[in-house]
Structure formats: structure tokens, C-alpha cells
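Structural overview
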Amino acid sequence: MECKVLKPRRLENFASKKEYYDSLQVHTKQRGECNEQVCNGSFMNIRRMLTTPRPPAEMMVQAKEFFDEYYTSLKKLESEEHVVRWKEVSASIRKRGTYRLTKEELQFGAKLAWRNAPRCIGRINWTRLELFDGRDVTTPQEMFDIICEHIKYATNNGNIRSAITVFPERRPGQRDFRVWNQQLISYAGYENPDGTITGDPAYVAFTKLCEGLGWKGAGGRFDVLPLVLSAATGDPQWFCIPDELVLQVSFQHPKYEWFKELELKWFAMPAVSSMMLDCGGIEFTAAPFNGWYMSTEIATRDLCDAQRYNVLQPVAEKMGLDTRSNVTLWRDVTTIEINQAVLFSFQEAKVTLMDHHTAAESFMQFMENEHRQRGGCPADWVWIVPPISGSLTPVFHQEMSLYYLKPAYEYQEPAWVTFARHAKGLQGIDASHSRKLFRKAALGVLFASTLYNAVLNRRVRVTILYATETGKSQLFAQSLSDIFKRNFNPKVMCMDEYKVSRAALENETLLLVVAATTGAGEPPQNGQSFVKTLYNLKEGLDNGSTNNINIDKITFHEDYNRYKNNVLDDSVGNLKGKETNDQKMSGFARLLRRLGRRQDSQQDLGSRTLVYSTSSGFKFAVFALGSSNYKDFCAFGKYVDRLLHQSGGQRLLSLACGDELDNQELAFQNWSSEAFKVSDEEFGTGGCPVVQLKINELTTDTVKMSTVSHCTSLKQGLSQLYARKVQSFTVLDSKFLHEDGDRWLQMVVVDVSNGDLQYQPGDHIGLFPANKPALVTAILARLIRYTDVDSSIQIFLQRRQGATGVCWEPHPHLPVASLRELLSRYLDITTPPTPTMLQLLAAHANNNRQASRLNQLATDQDEYRQWKSWQHPNLLEVLEEFPSVKVEAKVLVSALPLLQPRYYSISSCPDLHPGRLHLTVAGLQYRTRGGAGAVHQGVATGFLKKVQVGSNVELFHRSATNFHLPKDPKVPVMMVAAGSGIAPFRGFWQRYHYTKTQNKGVVGELVLYYGCRTQAEDLYDDEKWTMLRSGALSRIHLALSRQPTVPKMYVQDLLVMYGKEVQRHLLENGGHIYVCGGDAMAHDVHNTLVAILTHNSRLSKDQAFSFLSKLKEENRYHEDVFGIKLQK
């Protein structure tokens, strides 16, 4: 409804007593926002344009008014040129519903819109507006290129120039061209876990939206947000503005030297980008424009508003003001000083900035000019009066009339709302309610769950599966998703969540697998159902299918074990940590070991005739995680790779393995980058990934270290880093069970009564050790360019991002912590540096000879192996060996590998020890350099050896359901252990003891076969005999391998000695067998069992082997295996 003023309005200046009569408002046809009862003049964005194209009839009216005004300005009203042009325009509107403005007409309209803007105090310069005509662009990339030109022109090295860029107008049936940012340049706002905000709180929601699109910020207070742009077709895209285009002014004060320590700054050029240019009836929905700043906009509003950076309190405290009472006017005094700092800093930087007094005076001159030239000046008094010293400026005393003229810059619905409406209510959400929803919910979350899903659904789908015991595969899978989500539609799933079927595989486009292997060489628990189902599907065993079934079918466990024993054995040389010297074995044990070796044909299992192969042709790639400590290194990942290929998949990349002992993270980083590159080429996504820096690319220019006020707690930092629920518990007791020279056995008791840790016998805990304080201090003393080792810092890495440059983002792993805490609790400084790490150190060596030696070690594998084996140096010893290395702290901590948790079997039962958790730890220290070097200990065992009663340890619980006692307690159980492998079995017999003594039920036979070095190392000897007397333990068999005067015997020999008992337990009584110890011991026990079954029954070797595989499949054969790494 149009509201027409019938007569001019008298406006009085109460300071000068001067009067104006505004007659221009008589000509407005735009409806105001106030009525006879209510004034809405203080509303912020009350006027919003419709989201639908303007009807042709309405466009015709506005076009006529515009061209009349345009030709009047040229003094050609009703001229032949005017008449001809109007005929062209009107005919085009009748035919097409729109028309095209010439560049001259558009430039006039853009200037006039500025002249008509009632909220702008700086309109006196309205005639000096440069137009960048972007009406012919078609893509977001083209939009970005022109915006960059605009920013460069307008910034002008600080001598700011006004400019506007106009993109294609709104058209029926198409999405609007939009700049999603409110301003072209703005700072990100990050919401911290404690609810505080780092950066600009005004942009928290938009920052989440950008992160949902794949952008990652550096987490700082002044991170420039990317531009988010959308064209008529396609999806919104983000672009990092090149650093060299964004001129920023760091603030200092003319009197207070400490002001620069606040590290405040602001960008030089303000550019509004969310408003619409409404010109001649045509709606230009993307038309970013800029002027220059008035000092109060930055100093008073951006920095001092409570909902923005809110720096009043810290600045006032620095000034020594009394902030306890309002009567001291500390806010007013502080605000003035901040304004002075902003004005002074812009002046020093030679950047255009206007103070509010000068701006107010210029507006009064503009208003006088307008009344003289046009008979009026629309003005919004609420916005024109500056936010400080209002009554000290002339505009405060001037009456103003608020009305609206066309052309105009108009507010419009946020870009994501119009995007949603055009999508016609994606995923069942009523688009008409989008704006309301966005206000109620976290913008980024809603965008990701509604709008962005539509974007993703048009991208190539990538399924990322992981199987893990420790959580590392899950972290790698999530990192892989972060890399792929820029150009693909990735989905991360645990293997046990994936519904394996022929249809599912046929629907896959790209399948990426990150799979770990347990110490026993078995699939992780959450990967077992996946691989078993996939195997059955491949063999045609699914759902009882009988099509094409071969009588030679074997079960999954048989196939998996054959694969390990036949295929992997061929590729594994000498096993680390395994005693292979026949002189260390009894003669009978050597015989059994030879008998136990598989004599099957060494045919390639991969060449067996396949019954079923899908025709899906999906692409896949596998990254296998493992530790070369174990015989079956990466067995599960290798098996999955083979099985996917046999199931019809096509390898996108060859299998890659990451060794926990040899820079596993670097191997994954290289593989993930190559996987993205090959996938991009294969599917033609035409994008660039967020390229992660390699270790040798970490330099002073690519790493940034910032001091921050907040700190991540150790428990929170470890929990986030390892995706585990880490808890801190108090040590109640620590005692040595045995000490003998360089070896010790220790029991640690932890109070878990105040935490949320529920465990069963057989479960594990993950322990996060601390590096030795003396080692940390010595390393810190050799680093350069850091200030306080105990202040909280955050590490940022420079990322090559797309084709538009670089950006900064937080280190993907390191939390906010002090340098000392990072080196103490998060980073591995005891493992010998990798060749890549040595290359980095070489780059920081000042001595050419030392740099050359480091490079030789980094590039010559044989030389590196010999050096590593002989010295096995920690980081400090490397820095001492090469003293000319001077590396910055930020570079070193960015390059170091993470300190991994150490896993221990729990050696107690919660029934017998409620609120307590016992650990049994075997420790070893040794000297490097053949016994002449430094003394080394394991980082975790060394940490626990020194742990004090009353101190805290950080733990998390890991359920080992495959190593729990049988559900039926009456089933006989046989336990086989060596050394500290007895730990979980202590929980077993305590559970049986509790059950029997508390009359909680009937338990079956529990037999222990245990091997250790000497009688003195027979752990829990007294307790075992107590359990024997109570009936919890049925029998105990002991083997001693280093006891003087006693024949050498290993636990395998015990099994042979009691072979008939073992056979009866497994074959006749349906018993369970549990094995816990080193990898080599577990392997020998398995071979010994095969030999026993072959020798004491009618089973052939193949049948015995298959029988044990069947036991594993039925969860009657349980293994808890750990690696043993011995250093020379």
C-alpha cells in the first residue's frame, strides 16, 4: 500500500534555528514503516525485499520513473533520445518481463541509490562511485575474480576509493546471484567448548556455515572469512581472499605503549555485500559496494559493543581505571581512548578514515546541498547520529525526515534462505520457515543437515570405512573425510555399521578403507562382521545360497588363517622380538615347532577359483595400519584389500601400509593425498584438495604460534585427540613384584571409584604416559624463538587451499596447551626421529658437515638403520649429536609425532576390588651402543616406575569382549600365559574366587599354564595358591626358562607335557582356551596346539588347523597378544 505525503514537512535545526521544508518526500511512492499509532524508526532491518521476481507491470512503473530522472539529469527529458530509449525498454518489459540497463544508466542508478540511502552519513561523495560491471559472469569463480579486482581498486594502498560491483539481476526460474557474506571482508567467530568466543561473535553462525562448506579457519581472533558465492546454477562455493588484498591496520595508542600488546587490528575497507541494488525496477541481488570507515564504526561499535569484541574491560584495567562503579564513567573514558587509538593508527598507516565530528559536519553540508538541489534529503536520524558524543555533533540537533526513494540499496533475505526456497523445501523442510529456523538453530548445523545435503547429493559419493582397536583408524578416517569433502560427498562409517550386501557394493562408487590389525593378527572387533559377511558373499555362502557352491568351501576363519600362514609368511622375514635361536629351546619343543609348521601347498590363495564376484566395478583403496613388532603385520588390511578385489572391486591405488614404529602418520598423509589426486582424476571433480604440509615443508613461514588466553585441559585435550573418553584417576598404590638388574615387574593400583569406568576381567586400559621432565626441559633449552614455555599457545599451519591461495588453520592434532605440556604429554620425543624428521633438522643446522650427515642419514636407508640400531637415540640425543641445529619451537612441535597411549590388560576383578583397578607392568631398561651408551626405558614403564602414590594418571577403558570369560561359567577354561601376560588371568581367577566364596553360582574348571624366567618372577605366587585352595583355580602348571639347576622349559613345553589334558579340554569338554603374551609366544602356542592335536588324535594337520580356526570362529580360542621390541 502506497502512502503519499500531501505537503512538504518543516524541519528545524535546534542549534542554528535554521529551517528546511522537505518537498522531495511528496514524490515518494515507497511505503514507510511507521503508521499513525506506532513509530518503527528504531528497528534494524525492517524493510526487506521480496524473494520473488518483480511483476512486469510494477517494473514498468519504476523503469519509467528511473528513465525520467536519468534523462532529467542529462537535461534531455522528453528528448528524442529519451523517447527512443523508453520505447526500447517498455517493449522489452512487455516481451521478456525485463530489460537491460546500459553501463552508463547502471552507474547513474548505483550513484543515485547511494544518494538516496537514508542511513548513510557519508553521502556527500555519492558522485564518486566506480562501477565494476559483472553482469555477464556465469560462475562463482568469475564472481570471485571481479570481487578481487574491486577490493584491489578500492583499497588503493590505503587511499580508499568508493566502488560497487554489480552481478546479474534476478531472473524468473533461476536462483539469484548472491554474495552470502554480510561484508566482503569480515572476521571469523569460533565458539569454544566453554561457551566463549574467539574472534568476532557477530559471525559465529556464518563461520559455522563456512566450516560446513569445507573451509577451516586458523582459530584466531582476526581470521578473514572466505567469500561464499553462488550463481544462477550450481552450488555455493567458498574462496579465500588472498592475504595481499586485505589491508589491515594494527592498533597502537599515541600515549599508551601497552596498547599494541592487545594485538587489536581491523581491516581498512568496509564493503557491504548482502544488500540488493534496486534500480529502474531491476533487482540486482548481488551488488557489493564500499565506502570508507568512520572511526566510531570500528572503535565504538566493532571493538566496544558487548556483543562484539567487547574490549572495554581489559583496556580500562590496563589504563588503571576504577571499573567497579558507573559514576567513574570508565566506559566513556575508555571508549574515547580506543577511538583515539584507531584514529592514530589509521593515520600512521596512511589509510583513509574519518572521525565522527568531520563526518557529521560533511553530512550537514550534504543535507543543505540536497535541499537546495532536490528540495529534500531522506535521513534516518537514529543512524546518522554517531554512537558517541552525539549531542556534540551538529546532526544531533537537526530534525530529519525518513522516507524511501528509488533507486535504493535494500535489505533482502539471507542468501541461504532464498537458496532453500528455490530448492523447494529440501528434505521435507518447509522453505517458507527457513528464516525462522535459522534464527532458532545453529546456522551451520542446519545448513549442513538441509541445504548442503542437496549440494553433496550431486557430488561423487565416497564411503570411508574404518576398523579400529585403539581409535587411530577412526581418526585417520575422519582426516580422510576432511580432505575429500571439498570435492566429494564423503561418509565415514565404522565397518560394523556398514550393511554388506551385493546391492550395497553395486551402489558404491568409491570405497576407501582404513583398517587396523590386532596384535594377534586378527580383525578388530568392529571389523569382524564386515569381513566375514563380505567373505561369505564372495563365496556364495550368504543366506544359505546353494548356487554354484563348490564342495571345497572353507569358512572365513579358515581362509583368513590360511592367508596369514601361507601368504604373509612368505613376505615376513625374521620376526622382531621372537626367540629363534634353537639353542634357547628344548629339543622336544624344537621338534614340535617343526611339526607345527604348516606343510600345506604354498599356492597363491588369491588365485583360487571364485564362485561369486560382483559386477559393480566399484573403485576402492585400502590403507592398512599395524606394527612391525608383530608377525602378522597389517594382516587384516591386506586381507580386506584382497577380498574387495575378489568381490569385483577395482583398485584405485595399491595397498598402502602404515607402521606404528615408522612414522605411520606420514605414510597415511602421503597415501591420503595420493588417493585424493587419483580420485579427482578418475571422477573428474576438477578440484584442489586442502593440501596438508609435509614435515619437510614446515618452516617459520608455514607455521604460526599464537599465545592464547584459554587452555585445553589435559583430559579434554587427550579425549578430543584420540576420540576416547579419557579420565584422570588417583594412584593408590605402587609396588614392585620383582626387580632384577635392568628388569622389573610392578603392580599399580588406581582408584576408579569417582569416575565412570566399568570394566570386566580381560578388558584393557589405555594409559597416557608423561615424558620425563628432565628430558623435556633439556629439549626446550635447545629450541629458539619462544617466550614462555608455560603460557598457553596454539599452533597454526598454512594450508594450500584450492586455486586461490593459502589459509591458516589450527594444527590438526595439537590442542591449546603450553610448550612444556605439549612436549610432556602430547608429543613423542623418545622414539628415534624418522628420516623425514632428520631432513627437517638438517635444514636448521648451521654447520655444513652436520647438515650433510643428517641428510645422509635421511636418504641412505642402510646408514639410517645402522645408526638407529646402534644408538637408538631420542630427540635430545640427536640434538646433542648435532649441536648446530637451531630449530624454532613452533616448527619442532608441529613436526613431532604424537605420543601414543600404551595398552595394558587389567589385572583385577571389580567384584573382588570394587572401585579399584590393578595393572601388572613389566619394565626393561637397557644401554644403547652395545651397552656403552645412554640408559633408556620405555616411556610408559619408566613413567609408571616413578609414579607417586596420590598422583594422577590419565586412562581410558577399552573393552575386549573377545577376551571375556565364557557366558556359561560352568564351561572349562584353559589359560596360557608367559611373563606379565598373566595380568588378565588374575582378573579371571578373582572372578571365580568371588563367585565361589560369595555363593554366586557354580563355576567350571580353570587351569593355568604359566611360563616365566625364574621362580622369583612367578607373579602372584602366593595369591595363586590361595586361589587353588579356594577352588577358584583347578590346576597350575609352571615352566621356568632361566632358573639355575632346572631344565629350560617354556609354556609350549608345558602344553606338550600335558598334551592329553589339552586335547581332552578342547576336543571332548568343549572348553575355551585363552592365550596372553608376546606375539612370538602366541604364534608358537598355536603351532604347538596343532602338533598336539595331530599327535594325540586322529586329526591330520589340515584338520587340526581347521579345528583351531573353527574354535576362533566360535569364540572359544581367545588371544591377547602384545609386541615385544628388543633393542641391541
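This section reports on the structure supplied with the text. (Residues numbered from 1 in each chain as written. Predicted model: local features only at pLDDT ≥ 70, side-chain atom pairs only at ≥ 80, totals over all residues. Heavy atoms only, no water.)

**Remarks on helix α15 (residues 472-484)**
Compared with an ideal rise of 1.5 Å per residue, which puts 13 residues at 18 Å, α15 spans 19 Å between its outermost C-alpha atoms and is within 8% of the ideal. Every buried residue belonging to α15 is among Lys-472, Ser-473, Phe-476, Ala-477, Ser-479, Leu-480, Ser-481, Ile-483 and Phe-484, and all of these are buried. Residues of α15 that are buried in the fold lie against β17 (461-467), β18 (489-494), β19 (510-516), β20 (619-626) and α21 (664-683). (Helix = DSSP H or I, 4+ residues; strand = E, 2+ residues; numbered from the N terminus. Expected span 1.5 Å × (residues − 1). Buried < 20%, exposed > 50% of the residue type's maximum accessible area, 1.4 Å probe, protein only. Contact = heavy atoms within 4.5 Å.)

**Some words on the pattern of salt bridges**
As enumerated under the stated definition, the model contains 55 salt bridges in all. Ionic pairing is found between Arg-115 and Glu-370, a salt bridge with its closest N-O pair at 3.0 Å. Taken together, the residues Arg-115 in helix α3 (residues 103-116) and Glu-370 in helix α9 (residues 356-373) connect sequence positions 255 residues apart. Among the residues examined, Glu-370 registers a relative accessible area of 1% and is labelled buried. Between Lys-564 and Glu-522 there is a salt bridge, with the nearest N and O atoms lying 2.8 Å from each other. (Salt bridge = Lys/Arg side-chain N within 4 Å of Asp/Glu carboxyl O.)

**Regarding the nonpolar core**
With 56 residues, the main nonpolar core has Phe-251, Phe-259, Trp-266, Ile-298, Leu-303, Ile-338 and Phe-346 as its most contacted residues. Counting only elements with at least two residues in this core, the list comes to α4 (140-155), β8 (227-230), β11 (265-267), α6 (295-302), α7 (312-319) and α8 (330-348). Residue contacts for Ile-298: discarding those within four places in its chain leaves Phe-251, Trp-266, Tyr-293, Leu-303, Val-342, Phe-346 and Leu-353. In this structure, Leu-721, Val-726, Leu-814 and Leu-875 belong to the second largest nonpolar core, which totals 53 residues. (Core = buried A, V, L, I, M, F, W, Y, C linked by side-chain atoms within 4.5 Å.)

**A closer look at the environment of Gln-760**
Examined against the element boundaries, Gln-760 turns out to sit in the loop between β26 (743-751) and β27 (764-768). Distance from Gln-760 to Thr-961, taken between C-alpha atoms, is 8.8 Å for residues 201 residues apart in sequence. Those residues in contact with Gln-760 that lie beyond four places of it in its chain are His-964 and Arg-991. Among the polar contacts listed, one links the side chain of Gln-760 to the side chain of Arg-991, at a separation of 3.0 Å. (Polar contact = N/O pair within 3.5 Å; in protein donor to acceptor, adjacent residues only side chain to side chain.)

**Some points on a nonpolar patch on the surface**
A cluster of nonpolar residues, Met-44, Trp-381, Val-382, Trp-383 and Phe-396, forms a patch on the protein surface that exposes about 470 Å² of accessible area. Within the element layout of this structure, Trp-383 appears in helix α10 (residues 381-384). On the basis of relative accessible area, Trp-383 is assigned to the partly exposed category, the value being 34%. (Patch = residues over 30% accessible without salt bridge, like charges linked within 9 Å, V, L, I, M, F, W, Y side chains within 5 Å. Areas by Shrake-Rupley, 256 points an atom, 1.4 Å probe, with all protein chains shown as cover.)

**Considering the sheet that holds strand β38 (residues 1072-1078)**
The 5 strands lie next to each other as β37-β36-β35-β38-β39, forming an open sheet whose pairing is parallel. The open sheet terminates on both sides in strands that have one partner only, identified here as β37 (1035-1040) and β39 (1117-1122). Each strand axis lies, on average, 10° off the axis of its neighbour in the sheet, ignoring direction. By the bridge criterion, 6 bridges tie strand β36 (residues 1006-1012) to β37 in an arrangement that is parallel. Note on β37: the bridge partner recorded for Leu-1008 is Ile-1036. (Pairing = 2+ DSSP bridges. Axes fitted to C-alpha atoms, helices over the stretch in contact; angles between N-to-C directions.)

**Concerning the sheet that holds strand β9 (residues 237-239)**
As summarised here, the arrangement of the 3 strands in space is β5-β8-β9, forming an open sheet in which the pairing is antiparallel. Each edge of the open sheet carries a strand with a single partner, namely β5 (178-179) and β9. For β5 and β8, the ladder comprises 2 bridges, and the chain directions are antiparallel. Bridging from a neighbouring strand, Arg-178 pairs with Ser-230 of β8. In the packing of α4 onto the sheet, the strands contacted are β5, β8 and β9, and the crossing angle to β8 comes to about 130°.

**Some points on the pairing of β18**
In terms of strand pairing, β17 meets β18 through 6 bridges, oriented parallel. Counterpart to Arg-461 in the pairing with β18 is Asn-489. Once you follow β17 into α15 and on to β18, the crossover reads as right-handed. (Right-handed = clockwise from strand over helix to strand, strands pointing away.)

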